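Now for the letters of each chain:
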Amino acid sequence: MSMQSRRDFLKVALAGGAALALPRPALALADAFAPVEPFQVPLRIPPVLTPVRKAGGRDYFVTTMRPARPRLLKGKRRTPVWSFDGTFPGPTIKVTRGHEAIVRRVNELDVPVTIHL
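Cut-offs used in this document
- Residues numbered from 1 in each chain as written.
- Predicted model: local features only at pLDDT ≥ 70, side-chain atom pairs only at ≥ 80, totals over all residues.
- Heavy atoms only, no water.
- Helix = DSSP H or I, 4+ residues; strand = E, 2+ residues; numbered from the N terminus.
- Buried < 20%, exposed > 50% of the residue type's maximum accessible area, 1.4 Å probe, protein only.
- Contact = heavy atoms within 4.5 Å.
- Salt bridge = Lys/Arg side-chain N within 4 Å of Asp/Glu carboxyl O.

**Q** Would you mind going over the overall build of the protein chain with me for this structure?
**A** Looking only at helices and strands, the protein chain features 2 helices and 6 strands. For the protein chain, the α and β elements follow one another from N to C terminus as α-α-β-β-β-β-β-β. Put simply, the protein chain has 117 residues, and 14% of those count as buried.

Below is the structure:
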């Protein structure tokens, strides 16, 4: 068993005292991050994105990044997310075997973003 230093003890005591001094809205925020029962809301299967054009062995898709507020957890609370076409998750992109996919992302968010596929 290791000895706890006086400095570590003071850190824990200060954090505990600060938690007791938090105003009620801050405690309500802490409740929002409380553990939830898993799998209360079934996974929503995202819609299939239709190509805007097919030409020369290429399928062309356009999807728009925008804010959305889907219901991710059981209850009435909605969660703000950055989405594609207002859906979360999704959309699904299906490409014909042997075709090249060209996906144009239109950013309607207030910030620049990088997409990792």
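**Q** What is the right way to read the environment of Val-48 from this model?
**A** Among the structural elements, Val-48 can be located in strand β1 (residues 48-49). Residue class for Val-48 comes out partly exposed when judged on its relative accessible area of 45%. Separated by 44 residues in sequence, Val-48 and Thr-92 have C-alpha atoms that sit 4.6 Å apart. With sequence-adjacent residues up to four places away left out, Val-48 is seen in contact with Thr-92 and Lys-94.

**Q** Quick question: what am I supposed to make of unusual backbone geometry here?
**A** What is expected of a backbone is that most residues other than glycine have negative phi and most peptide bonds are trans. Between Phe-88 and Pro-89 the backbone carries a cis peptide bond, its omega angle lying at -10°. Within the element layout of this structure, Pro-89 appears in the loop between β4 (81-84) and β5 (92-93). In this structure, the amide linkage connecting Gly-90 to the following residue, Pro-91, adopts the cis form with an omega of 0°. Mapping Pro-91 onto the fold places it in the loop between β4 and β5. Despite not being glycine, Asp-85 shows a phi value in the positive range, around 60°.

**Q** Sorry if this is basic, but what is going on with the pattern of salt bridges here?
**A** Close approach of charged atoms lets side chains of opposite charge pair. Here the structure, examined in full by the defined rule, presents 2 salt bridges. As a salt-bridge pair, Arg-58 and Glu-100 come within 3.0 Å of each other at their nearest N and O atoms. Residue Arg-58 is located in strand β3 (residues 58-68), and its partner Glu-100 is located in strand β6 (residues 100-107); the two are separated by 42 residues in the primary sequence. One salt bridge in this structure joins Arg-66 and Glu-108, with 3.7 Å as the shortest N-O distance. Placement of Arg-66 in strand β3 and of Glu-108 in the segment after β6 is noted, with a sequence separation of 42 residues between them. Residue classification places Arg-66 among the partly exposed residues on the basis of a relative accessible area of 28%. We classify Glu-108 as partly exposed; its relative accessible area is 48%.

Function cannot be inferred from these measures alone, as they are strictly geometric.
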